[in-house]
Each structure stands twice: as structure tokens, then as C-alpha cells.
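# A look at the structure
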Amino acid sequence: MLKCRSVWRTLAPFAGASATLCRQNVRRTGLNNGRTPAHVPAAHVATGPAGGGGGQNHFYVLLVGGTCLGGAIYAYRTLKGDQRRYQERIAEISSRPHRRAKEATTSIRTEAPADGPVFGGAAEEAPAEPQVEEAARQDSAQPSLTLPWHAPYLLIGGGTASFAAARSIRARDPGARVLIVTDEPDLPYMRPPLSKELWFSDDPAVTETLRFKQWNGKERSIYFQPPSFYISPEELSDAENGGVAVLTSKKVVHMDVRGNKVKLDDDTEISYDKCLIATGGVPRNLQVLDRAGEEVKNRTTLFRKIEDFRSLDKVSRNMKSITVVGGGFLGSELACALGRRSHDSGLEVIQMFPEKGNMGKVLPEYLSNWTTEKVKTEGVKVLSEALVKSVTCKDDQLEIKLKDGRLVKTDHIVAAVGLEPNVDLAKSAGLEVDSDFGGYRVNAELQARSNIWVAGDAACFYDIRLGRRRAEHHDHAVVSGRLAGENMTGADKPYWHQSMFWSDLGPDVGYEAIGIVDSGLPTVGVFAKATAKDTPKAVTEKSGTGIRSESETEDVASSAAAPSAPAPAVAREDDYGKGVIFYLRDKVVVGIILWNVFNRMPIARKIIKDGEEHADLNEVAKLFNIHED
């Protein structure tokens, strides 16, 4: 290409001169033709060489032809070079994973010691350990991972919302190719059993099998589907009938919403047509624990994932004392689960929280106090109104100093103080984060942009009855993920669902809730005496599943008319076997808790949806049949 440019610079002046002379010859020819006489003498045939102007014209023709030929060669070589560079770029991108694996293997096998001899400018090969060689051989024997560079449906996050969306997409578009990218090493799984049923399993290998018995005795896996349900990421692009692939242990670190592509933590880029963000959240931590030393952090668990369950299970079998900080759903569930285990192992379980009683932010005070006593009977030492001032490590134990002067010594801390929505992609994607509730702000169809949807814990949505809010519950993840999947395939449905959540304090006490359940709101409770069937164990025996939202989200309340039954009366003091708690705002029911009352959630959902004032909530309580035998 450089030679062609040099030739052009050399010939350009001649080409300009040639054009000038051609114009002059044309003008002369015109003048001469104008002066030609009527009688032209016969032409004589010349036998010698052409004279003057004829030779110059031949030179100019050759010069112009050479110039055109050089330009054509230049254009051809330029296009050819661009094509070659494009092919080299594609080949380089395709070989990245294999090259990284090869370089890693080579570096393990050939890295010389720092003071090793050098011959011919190359380091002498150092002998490798047998274990390292074996690992390298295994790595080299494995086929290189070829990722799909394009996914029609890209789902970021491997939790409940992503799986629900994938199943919904495939239901509406059977040939869809769906790629789930998760930073966890596991296939999509349900989180509730991590703090509930798994702790009550008698199987010593439960941390490996992740199978558990529900309260009804039936066994199931924590995973939504076995590995055979999915196809490998390498097969996704060529799958004739589509499928769902899961790319594990990969994190999306950047989104290019204009270019419709994302970048992974290994610099791999994947383009998409439509994208779902279902990144969930990360456990909050106490600032005092964040500021503590490494010894304290190494003895602290932020409970969220499978690896956290495995770690805490190991700790509970080897330590003498565990302190759970937090009195909400997760903290109370873990405290009860560990307390049950303490009966056999002698483990000391302590639970501390700033409220007056367990779940004090949710339950009315009288029910919170009753729940606290229930937790104590499970073998838990409860410290209420406890604000942590400092945590230090001394004599191989953690010392927790409270602001009121109390001192607690323990071997391990579990921080269960809430969840922070994961909005790491907001900046690169240019997506709006809600300043009040956190999470990505979405419209009624769960859209953040024209081809980007958000579902699950990370979505801040507008509730047509209760205003803008964000929910962190399994049922919300199921329903919002399912709706997002439908809308990604063109359904354009608004999110009108009132999600529910549930919590079990062992097999005998459980509750389900919907709407805004805040202990700061006025409440009205209607209770009755519980029977043997009014327990989480009994309801799972009847429904066949401990994940109660799987059955509840499909039900619809057929009628709001009260059945013929005697008017319920408020139960006697301290007898909260079962009942209904109504949460009011401006005399309208905005939240309901069903305490040991099950399979009535569609009725509660309809009451909130209607948004009416009720003069007598005892009459409304008849709808739940809490006095049935």
C-alpha cells in the first residue's frame, strides 16, 4: 500500500500536465477546423515516424492508464487487507478462552525460579509438583469453553426471578435461546430452604446433596431443575429447538445499552436482543463489623447463598457459641434452626436485636412479645433492645460490647440485618435507581429501558394500590420474573400482583403476609384457638410443598362474600394460636398477616386490591374461616 502511494505522488504532476495539454490540443483542433479551406489537397502517406504531437499523446495515454491501474491496485489491496484483519480479529476473539487456559497451564509447568539459570535467553524449565502436573493435565484435557457471543434472551442473575423468566419465555416462545449468567457456581435454586427446612434434615450429607424433607416428610432438592434440564452454553447458538443455558461463576460488570451488549469479568462480550436484570441483593452488614479487624470478619457470616449455609453448618458443628444479630425474618428463622440443633450438641445460641421483641418491625407488640417467648423455648437466649457498640477478638473469642454496657462473648457472629439491592450495573447502563427504596425504577411492565427489564429484589415497581415499593420475597421473585419473561416475548402486561411472603419458626408456627405489614401502622387482630391442622407441617402435608407461593400465586379468590358462620371473637389474652392481623392506613386495609392460617391468601389479596373501608373487621375476618374445626 505504501508503494502505491509513492507511485501516485510521482505520477500525479504528469497526470496534471497531461490533462492541461489535452485541453490545449482540443482548442487548437477547433481553431484549425475553423480555418480549413473548401478544397483540401490529397494527403500524402507518411513513411517515417510520427511527428511531434502524436508521440506526446501516446505518452499521456499511457500515463493516465498507469495512474488508473495504480488506483485500482491500491483499492484492491486496501479491501483485501481489511478483510484479512477482520478474519484475524474474529479468530483471536474465538481463541481467547483456550489461549488463557493454555497460558495458565504453561505458566505452571515452565515457570523457573527467580534465581534459576538462563540458557539462550529462555528460562530453564523447573520441575513441577506431581499435584500441579495432574491438575494441568486435567485442565488441558478439558475442551476449551466456547461462549455464545450473542443471546437473543440474556438474563443477568441466577436466582428465582431469572429461572421464572426463562421458563416463561420458553413457554411463549418454544424455540427461544435463553442464556442465564450468574456469579454463583450453582444452577438456579430456591433460597427459602437455606434458612428453613435444610436445618431440620437428619441427613449428615445434606450440605452436599442439598436435598431435604419438608414438614410433610416428602423429599425434594433445593434446585429448580436437574442439570439435564439445561443445555451447555457452547451448544446454545446451534441448538435447533433453543433451550436454556446457564453460564456459572461469571459476573456481568458493564452494560452497553446502545450497543446491546454486556462485558463479563473476564472481558468477554456478549450481545443480546432483550435483557433481564435480576441481580437480587447483597446482605447488609453492621458498620461496626465492617470497621472491625480481619479476625472479626473471618468469624462473621453474612447469610445469603449456598456457600453461606455450608459454612454456617460447619461452624455450628465445631463451635460452642453462635450469636445471631438481627430480629427479622431471616434472623429469627436461623436462631430457631440453630436453637433446635443445640438440644443435641450443647451449642449456645444467642439472638440480639434493637427492637423490643422478635420481628418487632413487622408484628404488633403483643404478638412480637409472644413470638419472642416462642423463640426462647427453641433453646435461644434472646437479648432485646441490644445495640452493638463494638466487636473485638480476645482470648480466641469475640467480645460484643453493647451500648447499654452489656458484654457478650461468642465464637461466631451471623449478621442478618437486611438486604441491599444490587444495582452495580446502574452507572454503566444509565438506569435510574430509586432514592427512597433502592433498586432499579421500572414501569408497570417492569421495563427500565425499551429492551431491558428488571425483576425480583432489584426492581422498584409501582403498585397501583400501595404506591411505589420494592419487595424482597420468593413469591415476588416468582411472579415478577414470570411477568418479565412474558413481556420480553411481547405480552405487554402490567404488574398488578400483590406478592406474599411467609416465614416458619419451626414446624409448629408459621405465618403468611401480604401488602404493607409495618408495626408502626394501626392494627386489628382477630384470633382463635389453633388445632392440629393449623401448623406449617399440616399445610405442607395437604399441599405437598413447603414453598407455599407455588400454589398460592395461581389461586384466585372467587368471592368476597362472608360465609355463614358465628361472629368471631378476639381470643383470650396470650392465646394466639391462629388469627388474622389487619394493617390499616387511612382506615383502609393495606396489609394482612395470616397467623397459622393457610391457603387463604387469595382472599387477603382481594381485600387489599378492593381498597375499601371496613366498619367492622370482625365481619371481614369471617372470610378466613378461622373458627372452623
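Residues numbered from 1 in each chain as written. Predicted model: local features only at pLDDT ≥ 70, side-chain atom pairs only at ≥ 80, totals over all residues. Heavy atoms only, no water.

## Some points on the overall build of the protein chain
In plain terms, the rule: Each helix is a run of DSSP H or I of at least 4 residues and each strand a run of E of at least 2, with the numbering of both proceeding from the N terminus. To sort residues, take the accessible area from a 1.4 Å probe on protein chains only and compare it with the maximum for the residue type: under 20% means buried, over 50% means exposed, and anything in between is partly exposed. Contacts are assigned to residue pairs that have any heavy atoms within 4.5 Å of one another. Shrake-Rupley sampling with a 1.4 Å probe provides the accessible areas, and residues are treated as covered by the protein chains on show and by no other component.
Helix and strand content of the protein chain: 18 helices and 30 strands. Counting every position in the protein chain, which comprises 629 residues, the buried fraction comes to 45%. Relative to all contacts within the protein chain whose residues are 6 or more apart in sequence, the contacts with residues 24 or more apart total 69%. Summed over all atoms, the accessible surface of the protein chain reaches about 32600 Å², with 52% contributed by carbon and sulfur.

## Some points on the packing of helix α5 (residues 160-172) against helix α14 (residues 474-488)
For the record, the criterion: Axis lines are fitted through C-alpha atoms, for helices just across the contact stretch, and the angle between N-to-C directions can take any value from 0 to 180 degrees. For any pair of crossing helices, the crossing counts as left-handed if the nearer helix is rotated counterclockwise from the farther one by less than a right angle, and right-handed if it is rotated clockwise.
Between α5 and α14, the shortest axis-to-axis distance is 7 Å and the interhelical angle comes to 35°. α5 and α14 meet at a crossing whose hand is right-handed. In this structure, α5 contributes T160, A161, A164, A165, S168, I169 and R172 to the contact, and α14 contributes H474, A477, V478, G481, R482, G485, E486 and M488.

## Observations regarding helix α17 (residues 601-610)
With seven of its 10 residues buried, α17 lies for the most part within the structure. Taken together, the buried positions of α17 are occupied by M601, P602, I603, A604, R605, I607 and I608. G611 sits one or two residues past α17 and shows a positive phi near 60°.

## Side note on unusual backbone geometry
Even without being glycine, D492 reaches a positive phi, approximately 55°. When its relative accessible area of 57% is taken as the criterion, D492 is described as exposed. Located in the positive-phi region is K587, a residue other than glycine, with phi close to 70°. When you line up the elements, K587 lands in the loop between β29 (578-585) and β30 (588-595).

## Some thoughts on the packing of aromatic side chains
The geometry of an aromatic ring pair comes down to the distance between the two centres and the angle between the two planes. The condition that has to hold: Stacked, tilted and edge-to-face are the three classes applied to pairs of Phe, Tyr and Trp rings, where Trp contributes its six-membered ring and a pair requires centres within 6.5 Å; stacked means planes under 30 degrees apart, edge-to-face means over 60, and tilted covers the rest. Ring-over charges, as used throughout, are those where CZ of Arg or NZ of Lys falls within 6 Å of the ring centre and within 35 degrees of the ring normal.
What the rule picks out here adds up to 15 aromatic pairs. Seen in terms of ring centroids, F163 and F229 are 6.1 Å apart; in terms of plane orientation they differ by 50°. Their pairing is tilted. Residue F163 is located in helix α5, and its partner F229 is located in the loop between β6 (219-221) and α7 (233-236); the two are separated by 66 residues in the primary sequence. Take F229: its relative accessible area is 38%, and that puts it in the partly exposed class. Geometrically, the ring pair formed by Y366 and F527 is edge-to-face, given 6.2 Å between the ring centres and 85° between the ring planes. Residue Y366 is found in helix α12 (residues 365-377), and its partner F527 is found in strand β28 (residues 523-528); the two are separated by 161 residues along the sequence. When its relative accessible area of 31% is taken as the criterion, Y366 is described as partly exposed. F527 sits in the buried class, given a relative accessible area of 2%. Aromatic rings pair up to connect F329, Y366, W370, F501, Y511, F527, Y576 and W595 into one cluster. Sitting above the plane of the W502 ring, K196 keeps its charged end 5.3 Å from the centroid.

## Let's talk about the pairing of strand β3 (residues 150-156)
As a reminder of what qualifies: Between any two strands, at least two bridges found by DSSP are needed for them to pair. The definition of a right-handed crossover adopted here requires that, viewed with the strands pointing away, the path from the first strand over the helix to the second runs clockwise.
Burial analysis of β3 places five of its seven residues in the buried class, the great majority of the element. Looking at chain direction, β3 and strand β10 (residues 269-277) are connected through six bridges and run parallel. By the bridge assignment for β10, Y153 is matched with K274. Here β3 runs beside strand β4 (residues 177-181); their pairing, made up of four bridges, is parallel. Note that in β4 the partner of I156 across the bridge is V181. Taken together, β3, α5 and β4 form a β-α-β motif whose crossover is right-handed.

## Considerations on empty space enclosed by the protein
The probe, sized like a water molecule, is rolled over the atoms to show the empty space still left. This is how the line gets drawn: A cavity, in this analysis, means grid points on a 1 Å lattice covering only the protein atoms where a 1.4 Å probe fits yet has no way out; a pocket is instead an open set bounded by protein on both sides within 12 Å along at least five of seven lines, and a residue lines either one if it has an atom within 4 Å of a point. Grid points are joined across faces, edges and corners, and a volume is the space filled by probe spheres set on the points. Only Asp, Glu, Lys and Arg are considered charged in this grouping, and only Ala, Val, Leu, Ile, Met, Phe, Trp, Tyr, Cys and Pro are considered nonpolar; every other residue, Gly among them, is considered polar.
In total, this model carries two cavities of 30 Å³ or more according to the counting rule given. Roughly 40 Å³ of volume is contained in the largest cavity. Taken together, D463, I464, R465, W496, Q498 and K609 make up the lining of the largest cavity. The residue inventory of the lining of the largest cavity, partitioned by class, reads two nonpolar, one polar and three charged.

## Concerning the environment of R585
With respect to the helices, strands and loops of the structure, R585 is situated in strand β29. C-alpha separation for the pair R585 and E613, spaced 28 residues apart in sequence, amounts to 9.9 Å. In this structure R585 touches L466, I516 and V590, once residues within four positions along its chain are discounted.

## A word on the environment of P421
Assignment of secondary structure puts P421 in strand β20 (residues 419-421). Among the residues examined, P421 registers a relative accessible area of 9% and is labelled buried. Between the C-alpha atoms of P421 and Y440, which are 19 residues apart in sequence, the distance is 8.7 Å. Each residue touching P421, except ones within four places of it in the same chain, is listed here: G280, G281, G438, G439, D457, A458 and R470.

## Observations concerning the nonpolar core
Test applied: Put simply, buried Ala, Val, Leu, Ile, Met, Phe, Trp, Tyr and Cys residues joined by side-chain atoms within 4.5 Å make one nonpolar core.
Counting 125 residues, the largest nonpolar core has M255, I592, I593, W595 and F624 as the members making the most contacts within it. It is β30 that provides the largest number of residues to this core, a total of six residues. With sequence-adjacent residues up to four places away left out, I593 is seen in contact with V362, L363, Y511, E512, A513, V517, G579, V580, I581 and Y583. Core analysis: the second largest hydrophobic core is formed by 17 residues, V325, I350, L383 and L402 among them.

## A look at the environment of G243
You can see G243 is positioned in strand β7 (residues 243-247). For G243, a relative accessible area of 6% puts it in the buried group. In this structure the C-alpha to C-alpha distance between G243 and I231, which are 12 residues apart in sequence, comes to 6.3 Å. Beyond its immediate chain neighbours, meaning those up to four positions away, G243 contacts R170, A176, R177, V178, I231 and L236.

## Overview of the sheet that holds strand β21 (residues 440-441)
The strand order β21-β24-β25 describes an open sheet built from three strands, whose pairing is mixed. The open sheet is flanked by β21 and β25 (467-469), the only strands paired with a single partner. Pairing of strand β24 (residues 459-463) with β25, which is carried by three bridges, proceeds in the antiparallel orientation. Pairing of Y462 across the sheet is with R468, part of β25.

## Brief notes about the pattern of salt bridges
Put simply, the test is: By convention in these notes, a salt bridge is any Lys or Arg side-chain nitrogen within 4 Å of a carboxyl oxygen on Asp or Glu.
Tallied over the entire structure, the rule returns 23 salt bridges. Note that K361 and E355 form a salt bridge whose closest N and O atoms lie 4.0 Å from each other. Accessibility expressed as a relative area gives 59% for K361, which makes it exposed. Residue classification places E355 among the buried residues on the basis of a relative accessible area of 18%. Among the charged side chains, a salt-bridge network with shared partners connects D313, R317 and R341.

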